[in-house]
Amino acid sequence: MAADEQRLRVAVLGAGLIGVDLADKIRRSEKLELALVAGRDRDSLGLRRATDMGHPTTVGGIRAVVDAGPFDAVFDATNADSHAEHWAALCPTGTTLIDLTPTGLGTVIVPGVNSHRPEAHRHLNLVSCGGQAAIPVLYAIAKRCTPTYIEVVSTGASASAGRATRLNLDQYIATTSAAIRTFTGTPDAKVMVNLSPARPAPPFRVAMTVLADGIRPAPVRTSVAAAAQAVRAYTPGFKVTSLSVDPGRISVAVEVTVSGGRLPRHAGSVDIINAAAVLLAEQSAATSR
């Protein structure tokens, strides 16, 4: 079988900043074939950019995707309020739906933290960009101590937050908090989000504070370093910028910057969740052929 025939046929639903970067990442994948980018407005900048990149595009949203299918996988890069409708439309087609909106619906996946079995899960949720940045580190810490409280503060550039992101901030906070509690076993988790208008635009940063019993500094540092290395395998711009381990308290900050591709350097929030989404689709390709 030829290499092109082994690729998964995928579509991107949504032509905002996230959708256009997804199209670019899929274009560079050896396991995925981008068959469609679907938006709602033919004159939108994102849809024009996707067309200029040489991808098939359409208007009509979810109905256009269903009519053009079936697809092996669809990436939902729209908004949380529309996602349940999208899953209802795609579920009967057998398509795997990878949700980049903060709905909390479907099977929550964080690469390197929990496994994804394509044959068992066709509705996948990626929590949020802050969740993808924080949870690998927090999960590693929780294996070394017993957290009683976790606080996560995400700061991103205003320029990297589109309309859907701003509309979904409440869902973002609720879904990220729930995922942190689930993956760490922590009874109390607080999530905050800051959008910075500073110029030049700051990189995406996530600061985490963990209150815990039984902290042993050396194992915590080793686990955090290993978690960061695992994330860098698919998001090279991910790095730990500070780590303080004290009795009863751990403070860690991470930063995600972008190099290469079409995203500006500060749009690490988009980069990390899109990289995770493409990785999941590629894993599906590896196990379904």
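Anyway, here's the lowdown on the structure attached to this text.

Criteria and cut-off values
- Residues numbered from 1 in each chain as written.
- Predicted model: local features only at pLDDT ≥ 70, side-chain atom pairs only at ≥ 80, totals over all residues.
- Heavy atoms only, no water.
- Helix = DSSP H or I, 4+ residues; strand = E, 2+ residues; numbered from the N terminus.
- Buried < 20%, exposed > 50% of the residue type's maximum accessible area, 1.4 Å probe, protein only.
- Contact = heavy atoms within 4.5 Å.
- Areas by Shrake-Rupley, 256 points an atom, 1.4 Å probe, with all protein chains shown as cover.
- Lys, Arg positive; Asp, Glu negative; His and termini not counted.
- Charge placed at Lys NZ, Arg CZ, Asp CG, Glu CD.
- Polar contact = N/O pair within 3.5 Å; in protein donor to acceptor, adjacent residues only side chain to side chain.
- Pairing = 2+ DSSP bridges.
- Axes fitted to C-alpha atoms, helices over the stretch in contact; angles between N-to-C directions.
- Salt bridge = Lys/Arg side-chain N within 4 Å of Asp/Glu carboxyl O.

### Digging into the overall build of the protein
At step 1: When you go through the protein residue by residue, the secondary structure sums to 9 helices and 12 strands.
At step 2: Its C-alpha atoms give the protein principal-axis dimensions of roughly 60 × 45 × 30 Å.
At step 3: Looking at the protein as a whole, 53% of its 289 residues qualify as buried.
At step 4: A fraction of 68% describes how many contacts in the protein between residues 6 or more apart in sequence connect residues 24 or more apart.
At step 5: Accessible surface computed for the protein: about 12500 Å², of which carbon and sulfur atoms make up 50%.
At step 6: With 29 positive and 24 negative side-chain charges, the protein shows a spacing of 6 Å between the two charge centroids.

### Observations concerning the side chain of Thr186
At step 1: Here Thr186 is to be found in the loop between helix H7 (169–184) and strand S9 (189–196).
At step 2: Owing to a relative accessible area of 2%, Thr186 belongs among the buried residues under this scheme.
At step 3: Within polar-contact distance, the side chain of Thr186 engages the side chain of Thr184 at 2.7 Å.
At step 4: Leave out the neighbours within four places in its chain, and Thr186 touches Pro147, Thr148, Tyr149, Ile150 and Arg181.

### What to know about unusual backbone geometry
With the exception of glycine, most residues fall at negative phi, and the peptide bonds are largely trans.
At step 1: Of note, the amide linkage connecting Gly69 to Pro70 takes the cis form, showing an omega dihedral of 5°.
At step 2: Locating Pro70 in the fold gives a position in the loop between helix H3 (61–68) and strand S4 (73–76).
At step 3: The omega torsion across Arg199 and Pro200 is 0°, close enough to zero to call that bond cis.
At step 4: Inspection of the secondary structure assignment puts Pro200 in the loop between S9 and strand S10 (204–213).
At step 5: At Val127, a residue that is not glycine, the phi angle is positive and equals roughly 65°.
At step 6: Mapped onto the elements, Val127 comes out in the loop between strand S7 (123–125) and helix H5 (129–142).
At step 7: Judged by its relative accessible area of 1%, Val127 falls in the buried class.

### Overview of the sheet that holds strand S12 (residues 249–256)
At step 1: In space, the 5 strands of this open sheet follow the order S9-S8-S10-S12-S11, with mixed pairing throughout. Two strands bound the open sheet, and with one partner strand each, they are S9 and strand S11 (238–246). Neighbour to neighbour, the strand axes of the sheet diverge by 10° on average, direction disregarded.
At step 2: Pairing of strand S8 (residues 146–157) with S9 involves 8 bridges; the strand directions are parallel. Residue pairing in the sheet places Val153 in a bridge with Met192 of S9.
At step 3: Each of S8 and S9 is contacted by H7, which is oriented at about 140° to S9, the strand it contacts most.

### Quick word on the sheet that holds S4
Two modes of strand pairing occur in sheets, parallel and antiparallel, and in both the strands are linked by backbone hydrogen bonds.
At step 1: The strand order across the open sheet formed by 7 strands is S3-S2-S1-S4-S5-S7-S6, and the pairing between neighbours is parallel. The strands lining the two open edges of the sheet, one partner per strand, are strand S3 (57–59) and strand S6 (107–108).
At step 2: Across 3 bridges, the pairing between strand S5 (residues 96–99) and S7 is parallel. Paired with Ile98 across the strands is Leu124, a residue of S7.
At step 3: Against the sheet, helix H1 (residues 17–27) contacts strand S1 (8–13), strand S2 (32–39) and S4, and its axis sits at roughly 165° relative to S2.
At step 4: Relative to the sheet, helix H2 (residues 45–52) contacts S2 and S3, its axis offset from that of S3 by approximately 155°.

### Notes on the environment of Leu195
At step 1: Tracing the sequence through the fold places Leu195 in strand S9.
At step 2: Residue class for Leu195 comes out partly exposed when judged on its relative accessible area of 29%.
At step 3: Those residues in contact with Leu195, other than ones at most four positions away along the chain, are Gly156, Ser158, Ala161 and Arg166.

### So, the pattern of salt bridges
At step 1: Across all of its chains, the model carries 6 salt bridges by this definition.
At step 2: Here Arg28 makes a salt bridge to Asp24, at a shortest N to O gap of 3.2 Å.
At step 3: A relative accessible area of 1% means that Asp24 is categorised as buried.
At step 4: Lys25 is the partner of Asp271 in a salt bridge, and the nearest nitrogen-oxygen pair spans 2.8 Å. Pair noted here: Asp271 is in helix H9 (residues 268–288) and Lys25 is in helix H1, with a separation of 246 residues, a long-range link.
At step 5: Taking relative accessible area as the criterion, Asp271 reaches 9% and is therefore assigned buried.

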